[in-house]
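Listed below are the residues making up each chain.
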Amino acid sequence: MRLSAARLYRKTSGSVSGCRPGNRLMLGSVRGLLRVLPHHSIRVLPHRGISHFPPLRMRLIQFQSSGSASHRIGLELDGDKVIDLNAFDPSLPRGMREFLEGGDATLQIAKRALESGQHVLSRSQLSILAPITNPEKVICVGMNYVDHCLEQNVPVPKEPIIFSKFPSSIVGPYDSIVLPAESQEVDWEVELAFVIGKRGKNIKEQDAMEHVAGFTVAHDVSARDWQMRKNGKQWLLGKTFDTFCPLGPALVTKDSVSDPHNLGIRCRVNRNLVQDSNTNQMVFKTEALIAWVSKFVTLNPGDLFLTGTPPGVGVFRKPAVYLKAGDVVECEIDELGLIRNPVG
């Protein structure tokens, strides 16, 4: 019997890796008990090139064609094809932030291009960039997974813990993560990210999704020595080295995602599964994060939110494990896709 993608995700998601040896806990969740693996336990799974996603949905990308340095906007199709939106309508902006500032008008053009099936390019001829490269703000959330809090034996936050990365840390879905000479403890963190599509301040939770353009996969690369011990234990410097925010491969519009808060989320290092959870473990969902942050700042199209990581990060393993040159990190979220970044 064939399973639908949504049913398959529900059957395979929900396991958690990363608890300390000798300290196995049974973790509660909305959908049942999560299976706990010891920190040293890493399962090897078959490699998948990309998560399954419904065909012909709105998967916006930024790319460069061969021999060109200029950005273009496209639609990623199922397989090795991309629709060039700027060829379909030359009046469209060539950057994602400007495209989103166009609101529903630019999205309607993209939908017409998708339906037309015209101006199709081979993905192999393109360089795929991060779906948003120049956000005004990169807003990050700490301690936002119940199972990640339990992994550390710390209380679940009562209010969102907010920090930031600089936009200069953003790289594409297949670009290299550069290990800085200043850190010897660089760690992985797979995260669900979303991008703002409509300006707003003091946004109510019930209205928050109106301000979301779509969702994507992010990797919040983290220098733990700078995050946890140096610079007064402020998080910013440890989170924002150059190349510390791989992103992509596509910005999947919100109406193309079945439920952003019930997606399998996982990270592999050298094909070894190190993080494996579900976004239903998020403490503060998309709507709550938008309502909270918009109390303090005006949110603008292109603003990027990273929503926290599940358990299984290297720093809490016994012994701790950190990234080294030659590693390859794959971050994957069901329906959104997979990013693959070599470490050098």
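Residues numbered from 1 in each chain as written. Predicted model: local features only at pLDDT ≥ 70, side-chain atom pairs only at ≥ 80, totals over all residues. Heavy atoms only, no water.

Draft legend 1. Up close: the overall build of the protein chain. Helix and strand content of the protein chain: 8 helices and 21 strands. By residue count, 56% of the 344 residues in the protein chain fall in the buried class. Summarising the internal contacts of the protein chain: among those between residues at least 6 apart in sequence, 74% fall at separations of at least 24. For the protein chain, the exposed surface amounts to about 14,300 Å²; the carbon and sulfur share of it is 53%. (Helix = DSSP H or I, 4+ residues; strand = E, 2+ residues; numbered from the N terminus. Buried < 20%, exposed > 50% of the residue type's maximum accessible area, 1.4 Å probe, protein only. Contact = heavy atoms within 4.5 Å. Areas by Shrake-Rupley, 256 points an atom, 1.4 Å probe, with all protein chains shown as cover.)

Draft legend 2. Looking closely at the nonpolar core. Of all hydrophobic cores here, the largest spans 41 residues; its most connected members are Phe194, Ile290, Leu299, Phe305, Val329 and Leu336. Elements with a contribution of two residues or more to this core: strand E9 (138–142), strand E13 (190–196), strand E14 (212–219), strand E17 (264–269), helix H8 (286–293) and strand E20 (328–333). If sequence neighbours within four positions are ignored, Leu299 has contacts with Lys137, Ile139, Ile196, Lys198, Arg199, Gly200, Ile203, Ile290, Val293, Ser294 and Phe305. Counting residues in hydrophobic clusters, the runner-up holds 30 residues, among them Leu77, Leu85, Ile132 and Ala193. (Core = buried A, V, L, I, M, F, W, Y, C linked by side-chain atoms within 4.5 Å.)

Draft legend 3. The arrangement of the pairing of E9 in detail. In terms of burial, E9 is a largely internal element, 5 of the 5 residues being buried. Taking every second residue as pointing to the same face, both faces of E9 are buried, with Val138, Cys140 and Gly142 on one and Ile139 and Val141 on the other. Note: E9 against strand E10 (residues 161–165), 5 bridges, orientation antiparallel. Within E10, the residue paired with Cys140 across the bridge is Phe163. Bridge analysis of E9 against strand E19 (residues 304–306) gives 3 bridges, and the strand direction is parallel. Among the inter-strand pairings, Cys140 is bridged to a residue of E19, identified as Leu306. (Pairing = 2+ DSSP bridges.)

Draft legend 4. A look at the pattern of salt bridges. Taken as a whole and judged by the stated rule, the model has 18 salt bridges. Where Lys137 meets Asp303, a salt bridge forms, and the shortest distance between an N and an O atom there is 3.0 Å. Of this pair, Lys137 sits in the loop between strand E8 (126–129) and E9 while Asp303 is found in the loop between H8 and E19, placing the two residues 166 residues apart along the sequence. Asp303 matches Lys137 in its accessibility class, with the two residues each being buried. Arg224 is paired through a salt bridge with Glu189; the nearest N and O atoms lie 2.8 Å apart. In this pair, Arg224 sits in helix H6 (residues 224–228) while Glu189 sits in the loop between strand E12 (186–187) and E13, placing the two residues 35 residues apart along the sequence. One exposure class covers both Arg224 and Glu189, and it is buried. (Salt bridge = Lys/Arg side-chain N within 4 Å of Asp/Glu carboxyl O.)

Draft legend 5. Spotlight on the environment of Pro131. If you trace the backbone, Pro131 turns up in the loop between E8 and E9. Its relative accessible area of 2% is what places Pro131 among the buried residues. When near neighbours in sequence (up to four residues on either side) are disregarded, Pro131 contacts Leu60, Gln62, Met96, Thr216, Leu247, Gly248, Pro249, Ala250 and Leu251.

Draft legend 6. Examining the confidence of the model for the protein chain more closely. Of all residues in the protein chain, 84% have pLDDT values of 70 or greater, and the mean over the chain is 86. Ignoring residues within four places in sequence, the model shows residues 1–56, a span with pLDDT below 50, making 120 contacts including any to other chains. (pLDDT = per-residue confidence, 0-100.)

Draft legend 7. Structural view of unusual backbone geometry. In this chain, Gly248 is followed by Pro249 through a cis amide linkage whose omega measures -5°. Turning to its location among the elements, Pro249 is positioned in strand E16 (residues 245–253). Cis geometry is adopted by the peptide bond preceding Pro319, which originates at Lys318 and carries an omega value of 0°. One non-glycine residue with positive phi stands out, namely Asn153, at about 60°.

Draft legend 8. Broad picture of the layout of surface pockets. As a volume, the largest pocket reaches approximately 270 Å³. Lining the largest pocket are 16 residues, and of these Asp104, Leu107, Val212, Ala213 and Lys254 sit closest to its centre. Elements represented by at least two residues in the lining of the largest pocket include exactly helix H3 (96–101), helix H4 (104–116) and E14. Per element, the largest residue contribution to the lining of the largest pocket is 4 residues, and it comes from H4. Looking at the lining of the largest pocket residue by residue, the classes come out as 6 nonpolar, 4 polar and 6 charged. The volume enclosed by the second largest pocket comes to roughly 200 Å³. Lining the second largest pocket we find 19 residues, and of these Met143, His148, Glu189, Gln227 and Trp235 sit closest to its centre. (1 Å grid on protein atoms, 1.4 Å probe; cavity = no way out; pocket = protein on both sides within 12 Å on 5 of 7 lines; lining within 4 Å. Points joined across faces, edges and corners; volume = space filled by probe spheres on them. Nonpolar A, V, L, I, M, F, W, Y, C, P; charged D, E, K, R; others polar.)

Draft legend 9. Quick look at a nonpolar patch on the surface. A surface patch of nonpolar side chains, amounting to about 240 Å² of accessible area, comprises Phe166, Leu236 and Leu237. Residue position: Leu236 is located in helix H7 (residues 236–239). (Patch = residues over 30% accessible without salt bridge, like charges linked within 9 Å, V, L, I, M, F, W, Y side chains within 5 Å.)

Draft legend 10. Local environment of the state of the cysteines. Scanning the model with the defined rule gives 0 disulfides in all. Between Cys267, a free cysteine, and Cys331, which holds the nearest cysteine sulfur, the sulfur-to-sulfur gap is 4.1 Å. In this structure Cys267 comes out as buried when scored by relative accessible area, which is 0%. (Disulfide = S-S within 2.5 Å.)

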